Each structure stands twice: as C-alpha cells, then as structure tokens.
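As a plain string of letters, each chain reads:
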Amino acid sequence: MNCNTNVVQVTNVSPSTTSEQMRTLFGFLGTVEDLRLFPPDDSTMPVTSRVCFVRFKEQESVGVSQHLTNTVFVDRALIVVPYAEEGKRRAPSLKAESGPLPANRRL
C-alpha cells in the first residue's frame, strides 16, 4: 500500500496500556519520532479504550505497522491504520445530492 504519511492511528488500546509500552511495541517496526496516547498516562479520566498516534521517521514503517491489526496487546486486539495529517487530508463533502437517485443507480 502506498501511504503518503508517516503517522498511524492505533485504536482499541487497552486502558491499562502505557505510552512506554506502545513506544516499545512500535519501536520494533521503525524509528518512532513521536507518540501520543489519549487520554494521556497521567489522566484520571475513566475510559474503556484509548487511542494512540505514532509518527515514524520512515514512511515504510506505516505499511509494516498495519500488520499489527488484530494483534492482541495487553488485553485488546489493536486496530492500526494510516493517518493523514491535518495539512494533507480533506474533509469529506457534507452536501447531499439533490433530487432522487437515477433508477439504474443502486446503493
């Protein structure tokens, strides 16, 4: 897969997982330039799941890291997807098409 990003979004992260554990896990796949876990380690907010963003030095690490999807880490199966950074992504159009769908068009 051709990715134009150095960042992955990791969801379904166990609430007991720490930033250091995530840094160690993804560090096996490439050089981690930055890692953000939400809510942060020092948060007292009760959560059922956490989200992590990992910025790699090399774009190639994004493709490799996607192979961790469905890998159980701590007590959850991780979901890893490329994340388009703010300046590189476009918001989807929220305008609905006006009028009925053509008869030959199926959903």
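Fair warning: this is a prediction, and the values are worked out from it, not measured in the lab. (Residues numbered from 1 in each chain as written. Predicted model: local features only at pLDDT ≥ 70, side-chain atom pairs only at ≥ 80, totals over all residues. Heavy atoms only, no water.)

**Overview of the pattern of salt bridges**
A side chain of one charge can pair with a side chain of the opposite charge if their charged atoms are brought near each other.
Inference 1: Following the criterion strictly, the structure yields three salt bridges and no others.
Inference 2: Measuring nitrogen to oxygen at the nearest pair gives 3.1 Å for the salt bridge that ties Asp 34 to Arg 36.
Inference 3: On the accessibility criterion, Asp 34 (25% relative accessible area) is partly exposed. (Salt bridge = Lys/Arg side-chain N within 4 Å of Asp/Glu carboxyl O. Buried < 20%, exposed > 50% of the residue type's maximum accessible area, 1.4 Å probe, protein only.)

**Some words on the pairing of strand β3 (residues 50–56)**
Inference 1: Here β3 shows one buried face, formed by Arg 50, Cys 52, Val 54 and Phe 56, and one open face, formed by Val 51, Phe 53 and Arg 55.
Inference 2: Pairing of strand β1 (residues 7–13) with β3, which is carried by five bridges, proceeds in the antiparallel orientation. Across the sheet, Gln 9 pairs through a bridge with Phe 53, a residue of β3.
Inference 3: Pairing of strand β2 (residues 32–38) with β3 involves six bridges; the strand directions are antiparallel. (Helix = DSSP H or I, 4+ residues; strand = E, 2+ residues; numbered from the N terminus. Pairing = 2+ DSSP bridges.)

**Focus: the side chain of Ser 65**
Inference 1: Tracing the chain through its elements places Ser 65 in helix α2 (residues 60–65).
Inference 2: Apart from residues lying up to four places away in sequence, Ser 65 is in contact with Val 8, Phe 26, Leu 29, Phe 56 and Val 80. (Contact = heavy atoms within 4.5 Å.)

**Things to note about the pairing of β1**
Inference 1: Summarising the sheet, β1 and strand β6 (residues 79–82) pair through four bridges and their orientation is antiparallel. What sits directly across from Thr 11, in β6, is Ile 79.

**What about the nonpolar core?**
Inference 1: Grouped together as the largest cluster of nonpolar side chains are 17 residues, with contacts concentrated most on Val 8, Val 10, Met 22, Phe 26, Cys 52 and Val 54.
Inference 2: Among the elements of the structure, β1, α1 (19–27), β2 and β3 are those that each provide at least two residues to this core. (Core = buried A, V, L, I, M, F, W, Y, C linked by side-chain atoms within 4.5 Å.)

**Remarks on unusual backbone geometry**
Inference 1: Here the bond from Phe 38 into Pro 39 is cis, since omega is -15 degrees, no more than 30 degrees from zero.
Inference 2: Along the chain, Pro 39 falls in the loop between β2 and β3.
Inference 3: A positive phi is found at Asn 12, a non-glycine position, where the angle reads about 65 degrees.
Inference 4: Looking at the secondary structure, you find Asn 12 in strand β1.

**A word on α1**
Inference 1: Within the span of α1, buried status applies to Met 22, Leu 25 and Phe 26. Within α1, the buried residues cover an arc of 85 degrees as seen down the axis, which keeps them to one side.
Inference 2: On its buried face, α1 sits against β1, β2, β3, α2, β4 (72–73) and β6. (Arc of directions from axis to C-beta.)

**Points about the sheet that holds β2**
Inference 1: The antiparallel open sheet is built from four strands, whose spatial order is β2-β3-β1-β6. Pairing within the sheet leaves two strands with one partner each, and these edge strands are β2 and β6. The mean inter-strand angle of the sheet, taken between neighbouring strand axes irrespective of direction, is 20 degrees.
Inference 2: Sheet strands touched by α1: β1, β2, β3 and β6. Its angle to β2, the strand with the most contacts, is close to 140 degrees. (Axes fitted to C-alpha atoms, helices over the stretch in contact; angles between N-to-C directions.)

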